[in-house]
Amino acid sequence: MRAPSVAAGLLACLLAAPLTAADTDHSLAATQAAGRSVALLARCCFLADDFVTPRPDVNGGAVDVLATFFLARTTQFATCDASVVALSRLVSSAYGQLASDDCALGLAQNFCDNVRVQSLDAATRQSALAVLAFLVNTRPKACAAAGVKFLQGFVQATDGEQDPQNVLTVFKLNHALCRAVEPGVLAFHLEDMFDVLSTYF
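Residues numbered from 1 in each chain as written. Predicted model: local features only at pLDDT ≥ 70, side-chain atom pairs only at ≥ 80, totals over all residues. Heavy atoms only, no water.

Our next topic: the overall build of the chain. For the chain, the count of helices and strands is 11 helices and zero strands. Helices (α) and strands (β) of the chain occur, in sequence order from the N terminus, as α-α-α-α-α-α-α-α-α-α-α. Sequence-distant contacts in the chain: of pairs separated by 6 or more residues, those separated by 24 or more amount to 79%. A total of about 10,200 Å² of accessible surface is found on the chain, and carbon and sulfur atoms cover 60% of it. (Helix = DSSP H or I, 4+ residues; strand = E, 2+ residues; numbered from the N terminus. Contact = heavy atoms within 4.5 Å. Areas by Shrake-Rupley, 256 points an atom, 1.4 Å probe, with all protein chains shown as cover.)

So, on to the nonpolar core. In terms of nonpolar packing, the biggest core is built from 49 residues, with Leu 87, Leu 90, Phe 111, Leu 132, Leu 135, Phe 150 and Leu 177 touching the most fellow members. Elements with a minimum of two residues in this core: helix H3 (60–73), helix H4 (80–92), helix H5 (101–114), helix H6 (122–138), helix H7 (140–146), helix H8 (148–158), helix H9 (164–180) and helix H11 (190–198). Considering every element that reaches this core, the biggest residue donor is H6, with eight residues. For Leu 87, the residues in contact, after removing those within four places along its chain, are Ala 67, Phe 70, Leu 107, Phe 111 and Val 131. (Core = buried A, V, L, I, M, F, W, Y, C linked by side-chain atoms within 4.5 Å. Buried < 20%, exposed > 50% of the residue type's maximum accessible area, 1.4 Å probe, protein only.)

The next thing to look at is a negative patch on the surface. A grouping of Asp 159, Glu 191, Asp 192 and Asp 195 is seen on the molecular surface, where their side chains present a negatively charged patch. Note that Asp 192 resides in helix H11. By relative accessible area, Asp 192 is classed as partly exposed at 33%. (Patch = residues over 30% accessible without salt bridge, like charges linked within 9 Å, V, L, I, M, F, W, Y side chains within 5 Å. Salt bridge = Lys/Arg side-chain N within 4 Å of Asp/Glu carboxyl O. Lys, Arg positive; Asp, Glu negative; His and termini not counted. Charge placed at Lys NZ, Arg CZ, Asp CG, Glu CD.)

Bringing the packing of aromatic side chains into the picture now. In the structure shown here, the tally under the stated rule is three aromatic pairs. Taking the centre distance of 5.6 Å and the plane angle of 65 degrees together, the rings of Phe 69 and Phe 70 count as edge-to-face. Overall, Phe 69 belongs to the buried group, its relative accessible area being 8%. Residue classification places Phe 70 among the buried positions, given a relative accessible area of 0%. Between Phe 150 and Phe 154, the ring centres sit 6.2 Å apart and the planes meet at 35 degrees, which makes this aromatic pair tilted. Taken together, the residues span about one helical turn, with Phe 150 and Phe 154 both in helix H8 at a distance of four residues. (Phe/Tyr/Trp six-rings, centres within 6.5 Å; stacked < 30°, edge-to-face > 60°.)

Turning to the state of the cysteines, a few remarks are in order. Counting across every chain of the model gives zero disulfides. Sulfur of Cys 143: no disulfide; nearest cysteine sulfur belongs to Cys 112 and is 9.4 Å away. (Disulfide = S-S within 2.5 Å.)

The terminal C-alpha atoms of H9, which comprises 17 residues, lie 24 Å apart, in line with the 24 Å expected from a rise of 1.5 Å per residue. Every buried residue of H9 is listed here: Asn 166, Val 167, Val 170, Leu 173, Asn 174, Ala 176, Leu 177 and Ala 180. Elements that come into contact with the buried residues of H9 comprise H6, H7, H8 and H11. (Expected span 1.5 Å × (residues − 1).)

Time to look at H4. With 13 residues, H4 ought to run about 18 Å at 1.5 Å a step, and its terminal C-alpha atoms sit 18 Å apart, in line with that. Those residues of H4 that fall on the buried side of the exposure criterion are Cys 80, Ala 82, Ser 83, Val 84, Ala 86, Leu 87, Ser 88, Leu 90 and Val 91.

Let us look at the side chain of Ser 88. Relative to the elements of secondary structure, Ser 88 occurs in helix H4. Judged by relative accessible area, Ser 88 falls into the buried class, the value being 8%. Separated by 3.4 Å, the side chain of Ser 88 and the backbone oxygen of Ser 127 make a polar contact. The contact partners of Ser 88, leaving out residues within four places of it in the chain, are Ser 127, Ala 130 and Val 131. (Polar contact = N/O pair within 3.5 Å; in protein donor to acceptor, adjacent residues only side chain to side chain.)

Scanning the entire structure with this criterion turns up three salt bridges. A salt bridge links Arg 139 to Asp 101; its shortest N-O distance comes to 3.7 Å. Here the residue Arg 139 occupies a position in the loop between H6 and H7, and Asp 101 occupies one in helix H5, the gap between them amounting to 38 residues. Judged by relative accessible area, which is 60%, Asp 101 ranks as exposed.

Nothing here speaks to function; it is all geometry.
Rendered as structure tokens:
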């Protein structure tokens, strides 16, 4: 198991690393390097046993920093896929319960704006849906607070899904979302949500 000081030092170094090099250098090598940097950070932050019990040296503030970091990297082509997967692992693990309400609201407001979910491959879309599942199932107040913006993003993220496993997830999320969001807000996008689901019948 990693010593807390080593983990903290490695995390600090990686967070300070120039992960946005691909913004100025659009070569394939720079793009791949940026993606590997985010994937490496995610790998260093999570071990198999992290999914059972949060490490004692990780608190809510650290989770918020990581979630914000990964969310910001979803806006960049080079790091988007790796960041979606990393964010999914973070919120789906035992650490997800440590995220603050403000952090969850930030995810609800910006995740679907940042990520064109249906342009991702099926496995990465599954990770994106896991982030949405975290919000809908465990942070319904954040979804409700984000209101129409979250609903618009949700509809865009799920529209046209073709992977069978992901389609089942989409149906479950729609059911949960109808319980999480105020009827007055939901009414504005109820027809859009119906249109997304009706294509499968």
